[in-house]
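A structural walkthrough
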Amino acid sequence: MPPKKMPPVRLASPAPSHDDILHPSVAREQIPLQPTQRDTPTNIIRTESTVSTVRIEEKVPEEKPLRIPFTNNLPPAVFREWFTYAYMARLPLQEVLERALTTYLQDKAQAREPLPPEQEAILAAKEEAELSRRHKRYTK
């Protein structure tokens, strides 16, 4: 008795390829498979292959919140504590500093008062400079 032919098995969803994992910004569009011919001779093995077209999406920079860089000098003991805490808590230095300042300023009413016009102009210039720098970086 000849072996019984089993119908081809199709997966419910295509398994991701290595390229999809390594390069997620490249989207793949599946081209529908052509129907197989039913009248092919039984001694010919026919395999179906999936052909994918690759569409490269234009990368749009994610809008990150505006951050204004600044520098400061700290006593070595304070910097050591900050650095040690960030390392032990597995947090970036920036996040520890931001949390500390936010917590410190939370109950300070003076931090939310309007600035004098000349100080507001200085702050606006810093924000504008950072926006301009960001725009130049993304348009290169």
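Structure shown above.
Report on the accompanying structure. Remember, it's a predicted structure, so these values are computed and weren't measured experimentally.

A word on the overall build of the chain. When helices and strands are counted, the chain shows 4 helices and 2 strands. Secondary structure of the chain in N-to-C order comes out as α-β-β-α-α-α. A total of 140 residues make up the chain; the buried ones form 4% of that total. Contacts in the chain between residues at least 24 apart in sequence constitute 52% of all its contacts with a sequence separation of at least 6. By element, 59% of the accessible surface of the chain is carried by carbon and sulfur atoms, the whole surface being about 13,800 Å².

For the coordinates displayed, the defined rule picks out 2 aromatic pairs. With centroids separated by 5.5 Å and ring planes inclined at 90°, the aromatic side chains of F79 and W82 adopt a geometry described as edge-to-face. On the criterion of helical spacing, the pair formed by F79 and W82 is a turn pair, its members being 3 residues apart in helix α2 (residues 76-88). Judged by relative accessible area, F79 falls into the partly exposed class, the value being 37%. Each member of the aromatic cluster is reached from another via a ring pair, and the members are F79, W82 and F83. The positively charged end of R90 is found above the aromatic ring belonging to Y87, 4.6 Å away from the centroid. For K108, the ring lying beneath its charged end belongs to Y104, and the centroid distance is 4.4 Å.

The next thing to look at is the pattern of salt bridges. Using the criterion set out here, one finds 4 salt bridges in the structure. One salt bridge connects R67 with E98, and the closest N-O pair in it is separated by 3.0 Å. You can see R67 sitting in the loop between β2 (52-56) and α2 and its partner E98 sitting in helix α3 (residues 93-105), a full 31 residues away along the chain. For E98, a relative accessible area of 39% puts it in the partly exposed group. Residues K108 and D107 are paired through a salt bridge, measuring 3.3 Å at the closest nitrogen-oxygen approach.

Examined against the element boundaries, L66 turns out to sit in the loop between β2 and α2. Once the C-alpha coordinates of L66 and R134 are considered, the two residues, 68 residues apart in sequence, prove to be 9.1 Å apart. Apart from residues lying up to four places away in sequence, L66 is in contact with E127, E130, L131 and R134.

Examined against the element boundaries, E130 turns out to sit in helix α4 (residues 117-138). Ignoring anything within four residues of it in the chain, the contact list for E130 reads L66, R67 and P69.

So, on to unusual backbone geometry. For R90, which is not a glycine, the phi torsion comes out positive at approximately 55°. By the element assignment, R90 lies in the loop between α2 and α3. Given a relative accessible area of 60%, R90 falls into the exposed group.

Right, let's talk about the packing of α2 against α3 for a bit. One way to put it is that α2 packs onto α3 with a least axis distance of 9 Å and a crossing angle of 110°. Our classification of the angle between α2 and α3 gives roughly perpendicular. Taken as a pair, α2 and α3 cross one another with a handedness that is right-handed. Contact residues: W82, F83, Y85 and A86 in α2; L93, V96 and L97 in α3. Residues that form the contact of α2 with α3 fall into these classes: 7 nonpolar, no polar and no charged.

Rules behind the numbers
Residues numbered from 1 in each chain as written. Predicted model: local features only at pLDDT ≥ 70, side-chain atom pairs only at ≥ 80, totals over all residues. Heavy atoms only, no water. Helix = DSSP H or I, 4+ residues; strand = E, 2+ residues; numbered from the N terminus. Buried < 20%, exposed > 50% of the residue type's maximum accessible area, 1.4 Å probe, protein only. Contact = heavy atoms within 4.5 Å. Areas by Shrake-Rupley, 256 points an atom, 1.4 Å probe, with all protein chains shown as cover. Phe/Tyr/Trp six-rings, centres within 6.5 Å; stacked < 30°, edge-to-face > 60°. Lys NZ or Arg CZ within 6 Å of the ring centre and 35° of its normal. Salt bridge = Lys/Arg side-chain N within 4 Å of Asp/Glu carboxyl O. Axes fitted to C-alpha atoms, helices over the stretch in contact; angles between N-to-C directions. Parallel < 35°, antiparallel > 145°, perpendicular 65-115°, else oblique. Left-handed = near helix turned anticlockwise from the far one by under 90°. Nonpolar A, V, L, I, M, F, W, Y, C, P; charged D, E, K, R; others polar.

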